[in-house]
Amino acid sequence: MTLDTIGEFIDQLDAAGELARVTQPVSVKLELCEIADRVMKSAGGGKALLFEHVTLMNGARSAWPVAINLFGSMRRMAMALGVSDLDAIGARITEMLEMQVPEGIIGKLSLLPRLLEMGKFPPRVRGGRAPSQQVVWRGDEVDLGRLPIITCWPEDGGPYITLPMVISKDPRRGIRNVGMYRVQVLGPRTVAMHWQRHKVGAAHWREMAERGETMPVCIAIGADPASVYSASAPLPPTVDEFLFAGFLRRQPVSLVKALTCDLEVPAEAEFVLEGYIDPREPLVREGPFGDHTGFYSLADDYPQVHVTAVTMREHPVYATTIVGRPPMEDFYMGHATERIFLPLLKLTIPEIVDYHMPAEGIFHNLVFVSIDKQYPGQAWKVMNALWGQGLMSLAKLLVVVDKDVNVRDPREAWWVALNNLDPERDARFTMGPIDVLDHSSRAFTYGSKMGLDATRKWPEEGFTRAWPGRVVMDEATKRRVDAMWASLGLGSREGQGDGAGDEARGGAGPGARTGERART
Ligand SMILES: Cc1cc2nc3c(=O)[nH]c(=O)nc-3n(C[C@H](O)[C@H](O)[C@H](O)COP(=O)(O)O)c2cc1C
């Protein structure tokens, strides 16, 4: 069944035993976050939560329930995208890519929109009032204080919309962008837009501001789950996220014209904030905010959005998330991106076998990469290519290993890497752009990166000693011990030995294993 709304997704989660309802009064201020954080930190990511009695900042009861942690496990993330295993989407993309592709990186990347269009699921703009416009507040009727927008952490600058789809358009090319950028509520009709400088929405705004043109912006909350996820996916600026969502769900996303600005918004959204940024206005202070890193990101200046209308379904559910010390719900969204984008990375760096970003690395801080090494120096070639690639350019530490290492198991990856490294020979530093959220770099968004070549070294790389093999038992002995195991009185084979190194690549849910490991 293709999911069209967050409500349908919640029903599906409920039926699958993946949802817990909270009926007790819980405040939007800190309490909801603390409860959600404890659940997200439980084994496998805990359940999705539906808070049915939410207390607003003014003490009144929210007219609408709050859903959180909807995407916060391997299973729920897969359910959101209509697959049983996230790798199935990567496999679908690989299949599409196994056709004649143009030479050169530019040619290959320009193929991407065509590939997605090949799916024949471009978004459709429908006429009339959409479900997301059943209730409309305009002008002075707009009061964001009535929405159950949560204040997550004690030192946060205010309440934040944390799971939004921020919609804007490239003023030159007219291509739409949908980005998940947190939105801080400043007043009943004003919010601050935290699109970081490396993101597509920020590029649209820079261009509009240079032209001195008023920029329309819409902020949708809740929609079909594939669209919500796609807002967080690092697609090239030429790809409309609603097109990508259509590809993921194998059905077009239904859009409708916004009522007070020239943009299209999801027809099945729960809430939509319509508004504009005036380029003549000064930036406003945004933050601090308890961030993905587990540390507060400092207050900084961002554009202010004036909200001209709020539209909503008749009985909407307010969908949100929290970020903070990992693992959190965003780890599973990031993991979906990791799996889905592997074939696209391989397009331009074909020697990549697999890669993994462990939860503790907050995506950009640590990337393990396994490669099929065919010539000396190839690990450096791969690192340079990755640092030249979209948001991968923000990666702080890249660790490259050979293809026989299961990088989705960080314990195995570190074990092999730490054995293989001669630090002076195998570590290199370089400079480049750094994630906005990084608090350690010498300058805001600029700093150093480290690459570790933990592949087996070749004579051409100056290594002339013998390279040892891994310690593993021979198959015949293993079979004999298997046969006698039950009679040894040593309990079931589960949990005997480490096993990490024996796990077959891509075996029984390596992603799930990673999620569990993240908690140890
Ligand atoms: C829960 C969550 C919150 C996020 N918050 C922000 C944010 O406040 N600002 C930002 O620039 N990126 C944020 N991101 C990351 C972006 O959504 C991601 O980089 C996405 O690719 C941006 O879309 P774009 O490539 O169209 O710019 C967040 C991601 C998640 C999952």
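Residues numbered from 1 in each chain as written. Predicted model: local features only at pLDDT ≥ 70, side-chain atom pairs only at ≥ 80, totals over all residues. Heavy atoms only, no water.

Caption draft 1: Quick peek at the overall build of the protein. When helices and strands are tallied, the protein shows 14 helices and 27 strands. What you see for the protein is a C-alpha radius of gyration of 24 Å, in line with the 24 Å of a compact globule of 520 residues. C-alpha atoms of the protein, sized along the principal axes, occupy 75 × 55 × 45 Å. Total accessible area on the protein is roughly 22,600 Å²; 54% of this is exposed by carbon and sulfur atoms. Each charge class in the protein was averaged separately, 58 positive and 66 negative side chains, and the resulting centres sit 2 Å apart. (Helix = DSSP H or I, 4+ residues; strand = E, 2+ residues; numbered from the N terminus. Rg over C-alpha atoms; globule rule 2.2 N^0.38 Å. Areas by Shrake-Rupley, 256 points an atom, 1.4 Å probe, with all protein chains shown as cover. Lys, Arg positive; Asp, Glu negative; His and termini not counted. Charge placed at Lys NZ, Arg CZ, Asp CG, Glu CD.)

Caption draft 2: Region of interest: helix H8 (residues 241–249). Within H8, nine of the nine residues are buried, which leaves it mostly tucked inside the rest of the structure. Glu241, Phe242, Leu243, Phe244, Ala245, Gly246, Phe247, Leu248 and Arg249 are the residues of H8 that are buried. The N-capping residue of H8, defined by a side-chain oxygen 2.8 Å from the backbone nitrogen of phenylalanine 242, is aspartate 240. Following H8 by one or two positions, arginine 250 adopts a phi angle in the positive range, close to 60 degrees. (Buried < 20%, exposed > 50% of the residue type's maximum accessible area, 1.4 Å probe, protein only. Polar contact = N/O pair within 3.5 Å; in protein donor to acceptor, adjacent residues only side chain to side chain.)

Caption draft 3: A look at the pattern of salt bridges. Following the criterion strictly, the structure yields 38 salt bridges and no others. In this structure, lysine 169 and glutamate 264 form a salt bridge, with 3.2 Å as the shortest nitrogen-oxygen distance. Taken together, the residues span a long stretch of sequence, with lysine 169 in strand E9 (residues 164–169) and glutamate 264 in strand E15 (residues 264–266) at a distance of 95 residues. A residue is classified by how much of its surface remains accessible, and lysine 169, at 29% relative accessible area, is partly exposed. The exposure class assigned to glutamate 264 is buried, which follows from its relative accessible area of 8%. (Salt bridge = Lys/Arg side-chain N within 4 Å of Asp/Glu carboxyl O.)

Caption draft 4: Looking closely at the site of the ligand. Near the ligand, the surroundings consist of 20 residues, among which Asn177, Met180, Tyr181, Arg182 and His194 are the closest. Here an oxygen atom of the ligand sits 3.0 Å away from a polar atom, N or O, in the main chain of glutamine 196. When the free accessible area of the ligand is taken as 640 Å², the share hidden by the protein chains comes to 92%. The leading source of residues in the shell around the ligand is strand E10 (residues 176–179), at three residues. The residue makeup of the shell around the ligand, split by class, is nine nonpolar, eight polar and three charged. (Near = heavy atom within 4 Å. Nonpolar A, V, L, I, M, F, W, Y, C, P; charged D, E, K, R; others polar.)

Caption draft 5: Examining the pairing of E9 more closely. Of all the six residues making up E9, five are buried; the element is thus mostly covered by neighbouring parts of the structure. In the sheet, E9 pairs with strand E13 (residues 215–221) via four bridges, with the strands oriented antiparallel. Across the sheet, residue isoleucine 167 finds its bridge partner in E13, namely cysteine 218. Two strands pair when backbone bridges link them, and E9 and E10 are joined in this way by four bridges, in the antiparallel orientation. The partner of valine 166 across the bridge, within E10, is glycine 179. (Pairing = 2+ DSSP bridges.)

Caption draft 6: Local environment of the nonpolar core. Core analysis: the largest hydrophobic core is formed by 81 residues, its most contacted members being Leu70, Tyr229 and Ile340. Sort the elements by how many residues they give to this core and helix H9 (residues 329–348) lands first, with ten residues. When residues no more than four places from it in sequence are discounted, the contact partners of tyrosine 229 are Met77, Leu81, Phe244, Leu248, Met333, Ala336, Thr337, Ile340 and Phe341. With 51 residues, the next largest nonpolar core counts Val22, Trp153, Val166 and Met328 among its residues. (Core = buried A, V, L, I, M, F, W, Y, C linked by side-chain atoms within 4.5 Å. Contact = heavy atoms within 4.5 Å.)

Caption draft 7: Just the packing of helix H4 (residues 87–97) against H9, in detail. Packing of H4 against H9 leaves a shortest axis separation of 6 Å and a crossing angle of 30 degrees. Between H4 and H9, the angle is such that the two are roughly parallel. Crossing geometry of H4 relative to H9 is assigned as right-handed. On H9, the residues touching Asp87, Ile89, Gly90, Ile93, Thr94 and Leu97 of H4 are Arg339, Ile340, Pro343, Leu344 and Leu347. (Axes fitted to C-alpha atoms, helices over the stretch in contact; angles between N-to-C directions. Parallel < 35°, antiparallel > 145°, perpendicular 65-115°, else oblique. Left-handed = near helix turned anticlockwise from the far one by under 90°.)

Caption draft 8: Spatial organisation of the state of the cysteines. Under the counting rule described, the total for this entry stands at zero disulfides. The thiol of cysteine 218 is not disulfide-bonded; the next cysteine sulfur, from cysteine 261, is found 3.4 Å away. The class for cysteine 218 is buried, based on a relative accessible area of 0%. (Disulfide = S-S within 2.5 Å.)

Caption draft 9: Structural view of the pairing of strand E14 (residues 254–257). Of the pairings in the sheet, the one linking strand E6 (residues 124–126) to E14 comprises three bridges and is parallel in character. Paired with valine 125 across the bridge in E14 is leucine 255. Inspection of the sheet shows E14 paired to E15 by three bridges, in the antiparallel sense. By the bridge assignment for E15, leucine 255 is matched with proline 266. Here E14 folds back onto E15, and the loop between the two strands holds six residues.

Read these as layout, nothing more, since geometry by itself doesn't imply function.
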